[in-house]
Amino acid sequence: MAAQDGPKRLYIETYGCQMNVYDSERMRDVLKPLGYAPADKPDDADLVVLNTCHIREKATEKVYSEIGRLRVHKERRAGEGKATSIVIAGCVAQAEGEEIMARAPAVDLVVGPQAYHKLPELIARAARKTGERLAADFTAQEKFDALPARAPDGVTAFLSIQEGCDKFCTFCVVPYTRGAEYSRPMAAILEEARSLAGQGVREITLLGQNVNAYHGGGDFAALLEALARVEGVERLRYTTSHPVEMTDTLIALHGDEPKLMPYLHLPVQSGSDRVLKAMNRKHDGGFYRDIIGRLRAARPDIALSTDFIVGFPGETEKDFEASLQLVRDVGFASAYSFKYSPRPGTPAAAMMGQVDEAVKSERLARLQALLSEQQRAFNTAQIGRTLPVLVTGQGRKPGQAYGRSPYLQAVHFDDAQARPGEIASVRISAASQNSLSGARVSCATEAA
Ligand code: SAH
Ligand code: SF4
Ligand code: F3S
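What you see is a predicted model, and the numbers here were worked out from it, not measured in a lab.

Caption draft 1: Structural detail: the confidence of the model for the protein. Of all residues in the protein, 95% have pLDDT values of 70 or greater, and the mean over the chain is 92. Considering only residues more than four positions removed or in separate chains, one finds that residues 444–448, a stretch of pLDDT under 50, has 10 contacts.

Caption draft 2: Molecular detail of helix H13 (residues 357–380). The first and last C-alpha atoms of H13 sit 34 Å apart over 24 residues, in line with the 34 Å expected at 1.5 Å per residue. Looking at H13, one finds that the buried residues are Lys360, Arg363, Leu364, Leu367, Leu370, Leu371, Gln374, Gln375, Phe378 and Asn379.

Caption draft 3: Spotlight on the sheet that holds strand S7 (residues 156–160). Spatial ordering of the open sheet is given by S7-S10-S11, a layout of 3 strands whose pairing is parallel. With one partner strand each, in any of the chains shown, S7 and strand S11 (235–239) form the two edges of the open sheet. Recorded for the sheet is a direction-independent mean angle of 25° between the axes of neighbouring strands. Here strand S10 (residues 203–207) runs beside S11; their pairing, made up of 5 bridges, is parallel. If you follow Thr205 over to S11, its bridge partner there is Arg237. Set on the sheet, helix H8 (residues 220–228) makes contact with S10 and S11; between it and S11 the angle comes to about 150°.

Caption draft 4: Representation of the pairing of strand S13 (residues 303–310). By the criterion of burial, S13 is predominantly enclosed, with 8 of the 8 residues buried. Of the two faces of S13, the one carrying Ala303, Ser305, Asp307 and Ile309 and the one carrying Leu304, Thr306, Phe308 and Val310 are both buried. Of the strand pairs in this sheet, strand S12 (residues 263–265) and S13 are connected by 3 bridges, and their pairing is parallel. Bridging across to S13, Tyr263 finds its partner in Ala303.

Caption draft 5: Main features of the site of ligand 1. Neighbouring ligand 1 are 15 residues; Phe171, Gln209, Gln269, Asp307 and Ser341 lie closest to it. Within the backbone of Gln209, an N or O atom sits 2.8 Å from a nitrogen atom of ligand 1. With respect to ligand 1, the backbone of Ser341 contributes an N or O atom lying 2.8 Å from a nitrogen atom. Compared with its free state, where it exposes 540 Å², ligand 1 has 91% of that area covered by protein. When residues of the shell around ligand 1 are traced back to their parent elements, those giving at least two are S13 and strand S14 (334–339). Looking at side-chain class alone, the shell around ligand 1 contains 6 nonpolar, 4 polar and 5 charged residues.

Caption draft 6: Looking closely at the site of ligand 2. Close contacts around ligand 2 come from Cys165, Lys167, Phe168, Cys169, Phe171, Cys172, Val174, Pro175, Gln209, Asn210, His242 and Arg281, and that covers them all. Residue composition of the shell around ligand 2, grouped by class: 7 nonpolar, 3 polar and 2 charged.

Caption draft 7: Expanded view of the domain arrangement of the protein. As assigned here, the protein comprises domain 1 (8–141), domain 2 (143–353) and domain 3 (386–443). Contacts between the two partners involve 27 residues from domain 1 and, on the opposite side, 32 residues from domain 2. Counting the surface domain 1 buries against domain 2, the share from its top three residues, Met19, Tyr22 and Gln141, is 26%. Linking domain 1 to domain 2 there are 3 salt bridges. The interface formed by domain 1 and domain 2 contains 12 residue pairs in polar contact (both at pLDDT 80 or more). Going through the elements one at a time, helix H1 (18–31), helix H2 (57–79), helix H3 (90–103) and helix H5 (140–146) are the ones with two or more residues in the side of domain 1 that touches domain 2.

Caption draft 8: Focus on the pattern of salt bridges. Counted according to the given criterion, the structure contains 34 salt bridges. Here Glu203 and Arg237 are joined by a salt bridge, their closest N and O atoms 3.0 Å apart. Taken together, the positions of Glu203 in strand S10 and Arg237 in strand S11 put the pair 34 residues apart, joining distant regions of the chain. Across the pair, exposure class does not vary: Glu203 and Arg237 are buried alike. Several salt bridges converge on common partners, so that one network encompasses Glu315, Glu317, Glu362, Arg363 and Arg366.

Thresholds applied
Positions within a chain are numbered from 1, following the residues in the order the chain's sequence is written. Chains and ligands are labelled by the order in which they are written, letters from A for the one and numbers from 1 for the other. Side-chain atom pairs in this predicted model are given and counted only at pLDDT of 80 or more, local residue features only at pLDDT of at least 70, and totals for whole chains, interfaces and linings cover all residues. With hydrogens and water set aside, each side-chain value is computed from the structure's full complement of heavy atoms. pLDDT gives the predictor's per-residue confidence on a scale running from 0 to 100. In what follows, residue pairs with any heavy atoms lying within 4.5 Å of each other are defined as contacts. Comment: elements are numbered from the N terminus, with helices defined as DSSP H or I runs of at least four residues and strands as E runs of at least two. Given the number of residues in a helix, its expected span is that number minus one, multiplied by 1.5 Å. Only protein chains enter the area calculation, which uses a 1.4 Å probe; residues under 20% of their type maximum are buried, those over 50% are exposed, and those in between are partly exposed. The rule for pairing is simple: two strands pair if DSSP sees at least two bridges between them. In this analysis an axis means a line fitted to C-alpha atoms, helices contributing only their contacting stretch, and an angle means the value between N-to-C directions, from 0 to 180 degrees. Residues are labelled near a given molecule or strand when at least one of their non-hydrogen atoms is within 4 Å of it. Contacts described as polar in this section are N or O atom pairs within 3.5 Å, which, within protein, must combine one atom able to donate a hydrogen with one able to accept it, while residues neighboring in sequence count only if both atoms come from side chains. Surface accessibility in these figures is a Shrake-Rupley result with a 1.4 Å probe; residues are shielded only by whichever protein chains are displayed. The classification used treats Ala, Val, Leu, Ile, Met, Phe, Trp, Tyr, Cys and Pro as nonpolar, Asp, Glu, Lys and Arg as charged, and all other residues, Gly among them, as polar. Domain delimitation follows an automatic or database domain assignment. What counts as buried area is the accessible surface, traced by a 1.4 Å probe, that two parts surrender upon association, with contributions from both included. Think of a salt bridge as a Lys or Arg side-chain nitrogen and an Asp or Glu carboxyl oxygen that are within 4 Å of each other.

Okay, here's the thing in structure tokens:
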């Protein structure tokens with residue numbers, strides 16, 4: 001570890017999903033007592049953590065190229081008499097720990113997602129060059145129990161309620177990198193929410209790979225109801241959820257609980273029943289449409305978001321057109337779409353009928369064109385409406401404030417006095433692909 005004077009500096013680079021964003025924040029919390037101040041770039045850091053993602057091949061390859069760049073920093077700093085420790089965390093660490101150790105001697109420590117509470121000890125051990133550079137075998141429960149209190153730095157926060165996944169979709173590495181599904185006890189989640197609210201957090205986004213499968217002493221709807229009663233929490237969101245876990249009570253809650261924001265990310269992956277079956281998604285297109293219908297009946301203005309994979313093994317042009325049709329039928333406010341990427345050890349990687357890269361690219365472009373059109377239409381439809389905007393900070397220009405609509409859109413509006421945490425009524429006058437802008441119409445804070 002670095003032995004020079006002055007505060008030690010920590011740089012964490014985060015890839016992948018919100019789970020990793022949350023984990024990176026928790027790693028900062030764990031390392032704070034060791035005297036690590038944040039660094040803006042890896043060049044100035046004594047300790048660099050790469051929090052990695054294994055979901056697609058590109059994400060994984062990025063890790064190895066980034067390690068190559070960090071090795072150069074490490075050697076340059078060594079020439080200046082400064083030590084640099086490189087830690088690889090996250091899902092690639094969990095899945096390919098041994099390989100990283102073999103391929104990248106510049107790496108000091110490889111640590112899986114369940115061992116972050118042990119970071120100080122592991123880093124100290126790595127510095128003593130004891131050769132124990134791998135730490136992948138802890139449980140999610142041990143980690144959550146041992147992490148210190150949180151210190152959020154804004155009015156919105158993620159709160160992890162679950163780890164792992166038991167669904168085993170045939171394309172996905174998450175059940176292997178994050179392990180079996182574990183739900184945190186409700187009391188611990190409520191305590192974390194109260195602490196966040198006490199520190200000024202107004203909007204909490206609950207995180208997990210299948211948050212609606214939550215079962216930590218009550219079901220997911222019961223957890224949401226309890227969280228809605230936490231003083232200071234004005235807005236609740238959750239991501240990601242699985243269609244087969246959308247219970248009647250949860251759907252009804254979208255209509256009954258005003259703190260639950262009218263936005264839902266509900267991945268569908270494909271519109272073809274044949275492909276959905278091969279993916280082991282456990283439902284068909286009709287089931288998904290039915291859930292959307294019931295959600296809209298409960299909360300007519302709910303905005304929907306989803307994930308798609310194109311070019312899954314065996315996907316024909318007809319299957320792909322079923323995905324386009326589902327998009328037209330449902331109408332999404334936003335969406336993520338990906339080319340299928342074969343992942344080592346997953347069933348789909350060994351399936352017959354792998355689709356040509358050029359076909360995947362062409363399908364992705366067609367799907368994304370349709371999804372972008374829907375996103376623009378959704379944003380444009382807000383023009384003329386007055387929306388309750390949670391102020392999160394300053395806008396790009398002086399005198400401008402910035403915040404979030406109930407539908408998770410970024411909103412800019414003119415108001416030099418707006419304070420983070422208040423909910424401003426903003427009349428929307430313009431919309432673009434990714435944001436809205438408008439003017440404040442009242443000074444009174446009102447609930448969403
Ligand atoms: N738990 C969530 C999603 C987790 S991964 C769910 O069940 O929906 C986020 C998204 O990455 C997935 O929804 C899927 O669209 C995409 N994804 C996962 N594995 C992939 C793969 N092998 N190739 C391409 N995209 C993939
Ligand atoms: Fe992966 Fe499926 Fe689990 Fe989502 S539900 S994390 S896609 S295995
Ligand atoms: Fe990636 Fe791991 Fe999240 S594989 S998507 S960082 S759970």
